[in-house]
Amino acid sequence: MLAKLAECENKFEEIEHLLTDPEVLADPVRYRQAVTEHAALQETVETYRQYKKAAAERDEARAILDSASGDRELKELAQEQLVASKEELKTLTEKLKMLLSPKDPRDSGDVAVEIRAGAGGEEAALFAAVLFRMYSKYAEGRGWTVSVMDASETELGGFKEIVFTIEGRGAYGRLKYESGVHRVQRVPQTESGGRIHTSTATVAVFPESDDSDSFELDMNDVDVDTYRSGGAGGQHINKTESAIRLTHRPTGIVVTCQDQRSQLKNKEKAIKVLKARLADLYYREKQSQEAADRRSQVGTGDRSERIRTYNYPQNRITDHRIDLTMYCLTDFIEGKIDEFVDRLTAADNALKLAGSGVLKGTEELD
């Protein structure tokens, strides 16, 4: 890992030199490429330099403590420095591991999210509404934009299904681990006897990235149907067939959109989501072996995989992929999900690093 970091630093310094070269400055293509590479390496190199400085301070403190000479006060200061530098090195090591882990190019893009009620009838639909609100609150807190594409609402305010997009830098990277079966244990609103019921909802997260934007979609493979929108807010649209349903015959994927008054706008949004789903399907097939290798830790994003349990009586959240339990359900469903997202990201990065061989020889970093 240290060798990899030294290589990154050498490359970074070479690029800095190029950025002062008159020939590069005069060539817009080369200059733009150099600036991009410089930006991509900057955080890693700066963190590595902080690490080297902390390591030097640790070694200096050790030398003072190992010395037979020296006054007591100096050695006390050296002991404090040793403890502080070790803590800093630990933090910087974890950050460097994350920065060196293989990146998913789709992480910086927007997402399309589908939530569907599973087992549990009306209670499952109400839980689906809780999940939608949770993700909406999380998106709001990060300054992202949520747009509902299609929803099938129940009489009690739940959702049989709801499809929405979240636009914001890094949305997919933060939400991609949410795909799977979410299980809730609580006393339903419809339960008069006070008994705890178990219900489920399924979440699927699809990236909207450059890959999906450039994905070639043959519209000859797509059936386009129009229909009259229903549900709250649909009075105008109910008079015209502005809602759109796209069916991709080769895969059976169906996408609907009815949130806009304009049929054209609904079609444009539906095509965008369909392309994202097809691009994601292609990507997952291509990465199937990697997904199988990581299945036991962070999961595959498969809709049939139970990933998390929400236990209301105990105020408990349990993520089954990384065996993490916390008693913060009240805050979690208010959109405060970063602790779990960070832990899942760290677990995934550790597996990627181990698979890439970057972790070899990391005893020097401990």
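What counts, and at which threshold
- Starting afresh in each chain, residues are numbered from 1 along the sequence in its written order.
- Where local features are concerned, this predicted model is filtered to residues with pLDDT of at least 70; where side-chain atom pairs are given and counted, the filter is 80 or more; whole-chain, interface and lining totals use all residues.
- Hydrogens are left out, water is left out, and the side-chain values use all remaining heavy atoms of the structure.
- Buried and open spaces are told apart on a 1 Å grid over the protein atoms alone, a cavity being a set of points where a 1.4 Å probe fits but cannot get out and a pocket being an open set with protein on both sides within 12 Å along at least five of seven lines. Residues with an atom within 4 Å of a point are the lining residues.
- Grid points are joined across faces, edges and corners, and a volume is the space filled by probe spheres set on the points.
- Secondary structure follows DSSP: runs of H or I at least 4 residues long count as helices, runs of E at least 2 residues long count as strands, and numbering of each begins at the N terminus.
- When residue character is reported, Ala, Val, Leu, Ile, Met, Phe, Trp, Tyr, Cys and Pro are called nonpolar, Asp, Glu, Lys and Arg charged, and the others, Gly included, polar.
- Definition used for salt bridges: Asp or Glu carboxyl oxygen within 4 Å of a side-chain nitrogen of Lys or Arg.
- For each residue, the accessible area found with a 1.4 Å probe, counting protein chains only, is set against the maximum for its type, and the residue is called buried under 20%, exposed over 50%, and partly exposed in between.
- When DSSP finds at least two bridges between two strands, those strands are taken to pair.
- Structural elements are reduced to axes, namely lines fitted to C-alpha atoms, with helices fitted over the stretch in contact, and the angle between N-to-C directions of any two is expressed from 0 to 180 degrees.
- By nonpolar core we mean a set of buried residues, namely Ala, Val, Leu, Ile, Met, Phe, Trp, Tyr and Cys, connected to one another through side-chain atoms within 4.5 Å.
- A contact between two residues is defined here by any heavy atoms of the two lying within 4.5 Å.
- Oblique is the label for every angle not falling under 35 degrees (roughly parallel), over 145 degrees (roughly antiparallel), or within 65 to 115 degrees (roughly perpendicular).
- Handedness of a crossing follows from how the near helix is turned relative to the far one, being left-handed for an anticlockwise turn of less than a right angle and right-handed for a clockwise one.

Draft legend 1. Highlighting the layout of surface pockets. Roughly 1,000 Å³ of internal volume is contained in the largest pocket. Taken together, 38 residues line the largest pocket, and the ones lying closest to its centre are Met98, Leu99, Ser101, Lys103 and Asn349. Broken down by secondary-structure element, the contributors of at least two residues to the lining of the largest pocket are α1 (2-18), α3 (28-66), α4 (72-100), α6 (171-175) and α11 (338-356). In terms of residues, the lining of the largest pocket owes the most to one element, α11, which gives eight residues. Among the residues forming the lining of the largest pocket, the class breakdown is 15 nonpolar, seven polar and 16 charged.

Draft legend 2. Layout of the pattern of salt bridges. Under the defined criterion, the tally for this structure stands at 22 salt bridges. Note that Glu9 and Lys52 form a salt bridge whose closest N and O atoms lie 2.9 Å from each other. Pair noted here: Glu9 is in helix α1 and Lys52 is in helix α3, with a separation of 43 residues, a long-range link. Under the relative-accessibility criterion, Glu9 is labelled buried at 10%. The exposure class of Lys52 is partly exposed, given its relative accessible area of 34%. Of the charged contacts in the structure, one is a salt bridge between Glu94 and Lys97, with a shortest N-O distance of 3.7 Å. Residue Glu94 and its partner Lys97 are located together in helix α4, separated by three residues, close to a single helical turn. Given the relative accessible area of 47%, Glu94 is considered partly exposed. Among the residues examined, Lys97 registers a relative accessible area of 18% and is labelled buried.

Draft legend 3. How the structure looks around the sheet that holds strand β7 (residues 243-248). With antiparallel pairing, three strands are arranged side by side in an open sheet as β6-β7-β8. Of all strands in the sheet, those with a lone pairing partner are β6 (222-227) and β8 (253-257), marking the two edges. Adjacent strand axes in the sheet meet at a mean angle of 15°, parallel and antiparallel pairs treated alike. Here β7 runs beside β8; their pairing, made up of five bridges, is antiparallel. Bridge pairing in β8 links Arg245 to Thr256.

Draft legend 4. Quick look at the nonpolar core. Core analysis: the biggest nonpolar cluster contains 39 residues, and Ile115, Leu131, Ile166, Leu175 and Tyr310 have the highest contact counts within it. Every element with two or more residues in this core is listed here: β1 (110-117), α5 (122-141), β3 (159-167), α6, β5 (197-208), α10 (329-332) and α11. With 10 residues, the top contributor of residues to this core is α5. For Tyr310, the residues in contact, after removing those within four places along its chain, are Phe127, Leu131, Met134, His182, Arg183, Val184, Gln185, Arg316, Ile317, Leu329, Phe332 and Ile333. With 17 residues, the next largest nonpolar core counts Ile15, Ala34, Leu92 and Leu353 among its residues.

Draft legend 5. Local environment of the sheet that holds strand β2 (residues 145-153). One open sheet accounts for eight strands, arranged β2-β3-β1-β5-β4-β9-β10-β11; its pairing is mixed. Sheet topology places β2 and β11 (324-326) at the edges, where each strand pairs with a single neighbour. Neighbouring strand axes in the sheet, compared pairwise and without regard to direction, differ in orientation by 15° on average. Where strand β9 (residues 306-311) and strand β10 (residues 316-319) come together, four bridges link them in antiparallel fashion. Of the residues in β10, the one forming a bridge with Tyr310 is Ile317.

Draft legend 6. Spotlight on the environment of Val273. Mapped onto the fold, Val273 is located in helix α8 (residues 263-286). Taking the relative accessible area as the measure of exposure, Val273 reaches 2% and is therefore buried. Along the backbone, Val273 and Val113 are 160 residues apart, and their C-alpha atoms lie at a distance of 9.5 Å. When near neighbours in sequence (up to four residues on either side) are disregarded, Val273 contacts Ala112, Met149, Thr165, Glu208 and Val255.

Draft legend 7. The packing of α3 against α4, seen in detail. Packing of α3 against α4 leaves a shortest axis separation of 8 Å and a crossing angle of 155°. One element, α3, and the other, α4, form an angle in the roughly antiparallel class. For the element pair α3 and α4, the recorded crossing hand is left-handed. Here the residues of the contact of α3 with α4 sort into 15 nonpolar, seven polar and eight charged.

Draft legend 8. Spotlight on the pairing of β8. Of all the five residues making up β8, four are buried; the element is thus mostly covered by neighbouring parts of the structure. Between β7 and β8, which pair antiparallel one after the other, the connecting turn spans four residues, and Gly252 there sits at a positive phi close to 80°.

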